[in-house]
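Letter by letter, the chains look like this.
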Amino acid sequence: MGDDTHGWTAEPGAAERARSVLATAWSCTVTAGGSREEFVGAHGVADDGRVLLHVPEDSALLTAAICAPRGEPSAVLEFADVAPVPVRKRIRARLWLAGWFTTEDDHLAFRPTRVVLRRESGAVVVDPDEFAAARPDPLATAEARLLTHLAGCHGDAVERLTRLVEPNSLHGVVRVQPLAVDRHGLTLRIERVRAGGDVRLPFHRPADDLGQLTERMHVLLSQASAVTCPRPLQRQRADGDG
């Protein structure tokens, strides 16, 4: 977004990112048999990436699955990755899965044969076998809680982290928010009046659990504290307070 979006450093691969979106999405939209339905809190994920969907008995999707030849209607599932902290353009990524439904006991099982992940940097097709073998980022399910706590209770820490951002990226900034965190690093959303961009702050090594994440964040904050030169963001806020 904008003209100052930085290149991502040490980020999750596309298959891992897609599995993280699938693991944390609360709703999905299904297009099948000429109908389109949205389901909230109705899906789970098997270890191999199959989507297990519980639908009401009067769902057109369930009817299509029962009546279709071999019980396998083609379908497209869409998932949105929404930033937990209020920012502009809150949808960080979209995931599309094309494949087949089968009926299993009290639910529908969906096996993807085509996986497409779209982020701000563009869309990428993920190999279905890589998608099936991948695992979500270990911090994915805790990310929303971590980011809302950082934004709501530690605004001073977020501002301190901007010292690690290139000064030219902070001219005219009106707000900085934590946008994403994964085992490889933290992403900040830099917002201006009419534009903005994202900045990646990579960890010195991956964090595979919350204890390691705490240590990685402390390292980033220590690095930021060691930067003594004033930043445009700090000067702007000081001027605004006057």
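Residues numbered from 1 in each chain as written. Predicted model: local features only at pLDDT ≥ 70, side-chain atom pairs only at ≥ 80, totals over all residues. Heavy atoms only, no water.

Participant: Could you give an account of the overall build of the chain, with specific residues and numbers?
Facilitator: Assigned secondary structure in the chain consists of seven helices and eleven strands. With 242 residues in all, the chain has 45% of them scored as buried. Contacts spanning at least 24 positions in sequence make up 57% of the contacts within the chain whose residues lie at least 6 apart. Total accessible area on the chain stands at roughly 12,200 Å², and carbon and sulfur atoms take up 51% of it. (Helix = DSSP H or I, 4+ residues; strand = E, 2+ residues; numbered from the N terminus. Buried < 20%, exposed > 50% of the residue type's maximum accessible area, 1.4 Å probe, protein only. Contact = heavy atoms within 4.5 Å. Areas by Shrake-Rupley, 256 points an atom, 1.4 Å probe, with all protein chains shown as cover.)

Participant: Run through the packing of aromatic side chains, naming residues and quoting values.
Facilitator: One pass over the structure, following the stated rule, counts one aromatic pair. Directly above the ring of Phe 131 sits Arg 19, whose terminal nitrogen or CZ lies 5.5 Å from the centroid. (Phe/Tyr/Trp six-rings, centres within 6.5 Å; stacked < 30°, edge-to-face > 60°. Lys NZ or Arg CZ within 6 Å of the ring centre and 35° of its normal.)

Participant: Tell me about the pattern of salt bridges, and please be specific about residues and values.
Facilitator: Applying the stated criterion to the full structure yields 16 salt bridges. With a closest N to O distance of 3.0 Å, Asp 48 and Arg 50 form a salt bridge. Of the charged contacts in the structure, one is a salt bridge between Arg 200 and Asp 182, with a shortest N-O distance of 2.9 Å. Placement of Arg 200 in strand β11 (residues 196–202) and of Asp 182 in strand β9 (residues 175–182) is noted, with a sequence separation of 18 residues between them. The class of Arg 200 is buried, set by a relative accessible area of 7%. The exposure class of Asp 182 is buried, given its relative accessible area of 9%. Among the charged side chains, a salt-bridge network with shared partners connects Arg 17, Asp 81, Arg 92 and Glu 143. (Salt bridge = Lys/Arg side-chain N within 4 Å of Asp/Glu carboxyl O.)

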